[in-house]
Amino acid sequence: MSVSTEQVRHIAKLARIAMTDEEVERLAPELNNILGWVEQLGEVNTDGVEPLATVIDQKLRLRDDVINDGDIRDNVLANAPEAQHGFFAVPKVIE
Amino acid sequence: MGELTSKTIAELRDGFRSGDFTAREIAEQFNAAVAAARALNAYTVETPEDALAAADAADQARAGGETGPLAGIPLGIKDLFATQGVDTTSGSKILKGFKPPYESTVSGNLRRAGAGMLGKLNMDEFAMGSSNETSAYGPVISPWRRNNGSNASLTPGGSSGGSAAAVAADIAPGVTGTDTGGSIRQPAAFVGICGIKPTYGRCSRWGIVSFASSLDQAGPMAKTVRDCAILLEAMAGFDPKDSTSLDVPVPQWEANLSSDLKGKRVGVPREYRIDGVPEEINALWDRGIEWLKDAGATPVEISLPHTKYALPTYYIIAPAEASSNLARYDGVRYGLRVEGVKSLDDMYAATRAEGFGAEVKRRIMIGTYVLSAGFYDAYFTKAQKVRALIKQDFRNAFEQCDLILTPTAPSAAFGIGETTDPLAMYLNDVFAVPASLAGLPAMSVPGGLDAQGLPLGLHIIGNELDEQTVLNAGLAIEKRAGFTARPGKWW
């Protein structure tokens, strides 16, 4: 399988990373090199093997359904590049 | 009083407790050493006042007769750990100036045990790298140099490279590291110190900047095996705030340290004899087996048949999880934001383009690709299935042995800028990654020097939750290797 520069642009869009044509040209062969290498996993017979998502043998714990935190608006906003009136501010998203 | 900076944590702790010196004297000497070693670029932020405040509290507590297990010990904290009110950047430009309003559980545990903080330690960006060259704040320079008269700057390894360099250069008696695919063990080997990655879930991941959540695990790095046991005891423990934290008691690893390995079987995996690995490294491995035999253990040949597939599996799973974890850096809630954009989408893309370095972008791209529609099963699900087989290999092996001995890394430290191919760089973790995929405790201890006078490490892998056997085998090697080499001070 080979990744075209067109596909690299598409992945960059999905990953929300702006890329110049030059970066795309450089990255395509690098990604192909790495993806070509990982394709050796195709040699491994994994019929009937359950995918392993976590190495620890435990069920996800649920916490008690109570408010254990809160009233920390200023903490939450403390590092925001732009905060206005107690909210995160972003560029205009609706006309 | 002498040079306190060259002492181990155990020596500092015992000397402080018996009144040979004060915690303030310890902190002052380390603060001065940190300030004098800026050429190494090991610290991104220095916090001398923090170290002094903790020291004064420790001195007062001692006067009152009540001290914590780490009272009087100042530590370096890898910049992946959120530290309240102190810059936490993860080695990335995208988090420049980020001051967490909270403290990571692990660093909080260390503080509660009485430790102070000397500063934040440089690292590969988002822990992605094996040489510290991907840090947005410049590479860490290893205190070691080759013995051939060359002044070439060497890497301390990565991603916990600042951590490793700090211990080796006597500018911290102990440090925190994190290990996703070898990031504690490979740098420990490169600079001739000890480092242990515990069982996945032993240390809380809460407040540690996420890279690959199913693999990330914090651990200590220090001069000796005993110091690692002391630090790990203070770091580990159940944390309800981390859903993957293990609800099991923390053993008394230090009190139970013993280098007597009678009755233990040491697995020697035949698949770890890899073509192209320098003969010196295989020779050290053989010496390590002899040392463990001398300590009473019996070597057994074992097979880990899927070893060859561990690295490619890792380089699907880790980037996949990273691409998802790093989606949070969007220029809205914290960190960098690029202005002058037309839309919210543009702002995300421009901010991430500007804020992430080349290696991080590369891994996010791989991760996004292997998780994308049409490729998910072929890459991601396939890798998770191979991961299950790798875990099964270790389960089978631990029916025949109690611990496994291998080399830590396939080479000694290399020069900064010497390895430019990303794939060649990934191969550095060939021995470390399988234990990470299986979530097992694993440790590197210094074993000797190569022909260029650079440290080489031996790697001990233990069964789930059996850090004690790993530490004990480490102690047995430490006693026999007699590794006392230190880098000459040039900085």
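Here, residues in each chain are numbered from 1, in the same order as that chain's written sequence. Each chain is given a letter, starting from A, and each ligand a number, starting from 1, according to the order in which they appear as written. It should be noted that, the model being predicted, local features are given only for residues of pLDDT at least 70 and side-chain atom pairs only at 80 or more, the latter also being counted only at that level, while totals for whole chains, interfaces and linings use all residues. Excluded from the side-chain calculation are hydrogens and water; included are all heavy atoms of the structure.

Peer 1: I keep staring at the overall build of chain A and nothing clicks. Help me out?
Peer 2: Every helix listed is a DSSP run of H or I at least four residues long, and every strand listed is a run of E at least two residues long, numbered separately from the N terminus. Counting secondary structure elements, chain A contains 3 helices and 2 strands. When the elements of chain A are put in sequence order from the N terminus, they spell out α-α-α-β-β. A globule of 95 residues ought to have a C-alpha radius of gyration of about 12 Å, yet chain A, at 22 Å, is considerably larger. With respect to the principal axes defined by its C-alpha atoms, chain A has extents near 55 × 45 × 25 Å. Here the globule rule reads 2.2 Å times residues to the power 0.38, and the radius of gyration is calculated from C-alpha atoms.

Peer 1: Help me out: how do you make sense of the packing of aromatic side chains in this one?
Peer 2: In this description, a pair of aromatic rings is defined by centroid distance and the angle of the planes. Note on aromatic pairs: the rings of Phe, Tyr and Trp (six-membered ring only in Trp) are paired at centre separations within 6.5 Å, and the planes decide the class, stacked below 30 degrees, edge-to-face beyond 60, tilted for the rest. Throughout the structure, instances matching the rule amount to 16 aromatic pairs over all chains. Their ring planes at 50 degrees and their centres at 6.1 Å tell us that Trp37(A) and Tyr315(B) sit as a pair that is tilted. Of this pair, Trp37(A) sits in helix H2 (residues 21-38) while Tyr315(B) sits in helix H9 (residues 310-325), which puts the two residues in different chains. Across this residue pair, the class does not change: Trp37(A) and Tyr315(B) are buried. A ring pair is formed by Trp490(B) and Trp491(B), whose centres lie 5.7 Å apart and whose planes are at 90 degrees; its orientation type is edge-to-face. What makes Trp491(B) buried here is its relative accessible area of 17%. Aromatic ring contacts, followed pair by pair, group Phe98(B), Phe126(B), Tyr329(B), Tyr334(B) and Phe356(B) into a single cluster. Think of it in three bands: with a 1.4 Å probe and only protein chains considered, a residue is buried below 20% of the maximum accessible area for its type, exposed above 50%, and partly exposed in between.

Peer 1: Would you mind showing me how to read the interface of chain A and chain B here?
Peer 2: Interface size is commonly expressed as the accessible surface area that is lost when the partners come together. With 49 residues of chain A at the contact, the number on the chain B side is 68 residues. Here's the idea: put two parts together, see how much 1.4 Å probe accessible area each one loses, and the total over both is what we call buried area. Interface of chain A and chain B: buried area, both sides summed, is about 5,100 Å²; carbon and sulfur atoms make up 70% of it. Salt-bridge detection follows one rule: a side-chain nitrogen of Lys or Arg within 4 Å of a carboxyl oxygen of Asp or Glu. For the pair chain A and chain B, the interface holds 5 salt bridges. The shortest N-O distance in the salt bridge between Glu82(A) and Arg337(B) comes to 3.1 Å. Here a polar contact means two N or O atoms within 3.5 Å. Within protein one must be a hydrogen donor candidate and the other an acceptor candidate, and residues neighboring in sequence count only if both atoms are side-chain atoms. Between chain A and chain B we count 19 residue pairs in polar contact (both at pLDDT 80 or more) in total. Mapped by element, the contributors of at least two residues to the side of chain A that touches chain B are helix H1 (5-14) and H2 of chain A. No other element matches H2(A), which puts 9 residues into the side of chain A that touches chain B. It only takes one pair of heavy atoms within 4.5 Å for two residues to be counted as in contact.

Peer 1: What is the right way to read the environment of Ile302(B) from this model?
Peer 2: Residues and elements named next belong to chain B. With respect to the helices and strands, Ile-302 occurs in strand E8 (residues 298-302). The exposure class of Ile-302 is buried, given its relative accessible area of 1%. Separated by 22 residues in the primary sequence, Ile-302 and Glu-280 place their C-alpha atoms 22 Å from one another. When residues no more than four places from it in sequence are discounted, the contact partners of Ile-302 are Gly-267, Val-268, Pro-269, Arg-270, Glu-271, Ala-397, Gln-400, Cys-401 and Ile-404.

Peer 1: Can you walk me through H9(B) in this structure?
Peer 2: Given 3.6 residues per turn, any residue in an α-helix points the same way as the ones three and four places further on. Expected span of a helix, by definition, is 1.5 Å for each gap between consecutive residues, and there is one gap fewer than residues. With 16 residues, H9(B) should reach 22 Å at 1.5 Å per residue; the first-to-last C-alpha distance of 22 Å fits that figure. In terms of burial, H9(B) is a largely internal element, 15 of the 16 residues being buried.

Peer 1: Explain the confidence of the model for chain A to me, please; I cannot follow it from the model alone.
Peer 2: In low-pLDDT segments, the atomic positions of the prediction should not be examined closely. Note on scores: pLDDT gives the predictor's confidence for each residue, bounded by 0 and 100. Chain-level pLDDT for chain A is 93 on average; 99% of the residues reach the 70-or-more range. Between the elements of chain A, mean pLDDT differs from a low of 94, seen in helix H3 (residues 73-77) of chain A, to a high of 97, seen in H1(A).

Peer 1: Explanation requested: the pairing of strand E2 (residues 74-78) of chain B in the structure shown.
Peer 2: Side-chain positions along a regular strand alternate between the two faces of the sheet. All names here are of chain B. Summarising burial for E2: 5 of the 5 residues are buried, a large majority. Across the two faces of E2 the burial is the same, with Pro-74, Gly-76 and Lys-78 and Leu-75 and Ile-77 all buried. In this description, strands pair whenever DSSP reports at least two bridges between them. Strand direction decides the pairing type here: E2 and strand E3 (residues 116-121), joined by 5 bridges, are parallel. Its bridge partner being in E3, Leu-75 is matched across the sheet by Met-117. Clockwise travel from the first strand over the helix to the second, with the strands pointing away from the viewer, marks a crossover as right-handed. Regarding topology, helix H4 (residues 105-112) serves as the crossover connection from E2 to the parallel E3, and that connection is right-handed.

Peer 1: Where do I start with the environment of Glu23(A) in this structure?
Peer 2: Locating Glu23(A) in the fold gives a position in helix H2. C-alpha of Glu23(A) to C-alpha of Val76(A): the two residues are 53 residues apart in sequence and 35 Å apart in space. Residues within four places of Glu23(A) in sequence aside, it is in contact with Ala18(A) and Lys361(B).

Peer 1: Whenever I open this one, unusual backbone geometry confuses me. Can you help?
Peer 2: Trans is the prevailing form of peptide bonds, just as negative phi is the prevailing case for residues other than glycine. The amide bond that connects Gly158(B) to the next residue, Ser159(B), takes the cis arrangement and shows omega of 10 degrees. If you trace the backbone, Ser159(B) turns up in the loop between E3 and helix H5 (161-168). A positive phi angle, near 55 degrees, is found at His85(A), a position not held by glycine. Within the secondary structure, His85(A) is located in the loop between strand E1 (83-84) and strand E2 (87-88). Judged by relative accessible area, His85(A) falls into the exposed class, the value being 73%. Of note, the phi angle at Asn41(B) is positive, near 60 degrees, even though the residue is not glycine. Position of Asn41(B) relative to the elements: it lies in the loop between helix H2 (23-36) and strand E1 (43-46). A relative accessible area of 24% means that Asn41(B) is categorised as partly exposed.

Peer 1: Would you explain the confidence of the model for chain B in this entry?
Peer 2: The predicted model of chain B averages 97 in pLDDT, with 100% of residues at 70 or higher. Two numbers describe this predicted complex: its pTM, 0.97, and its ipTM, 0.96.

Peer 1: Any chance you could explain the pairing of strand E5 (residues 194-197) of chain B here in plain terms?
Peer 2: Residues and elements named next belong to chain B. Burial of E5 is two-sided: the residues Cys-194 and Ile-196 facing one way and the residues Gly-195 and Lys-197 facing the other way are all buried. Alignment of E5 against strand E6 (residues 217-222), held across 2 bridges, turns out to be antiparallel. Its bridge partner being in E6, Gly-195 is matched across the sheet by Met-221. In terms of strand pairing, E5 meets strand E10 (residues 442-449) through 3 bridges, oriented antiparallel. Of the residues in E10, the one forming a bridge with Lys-197 is Ala-442.

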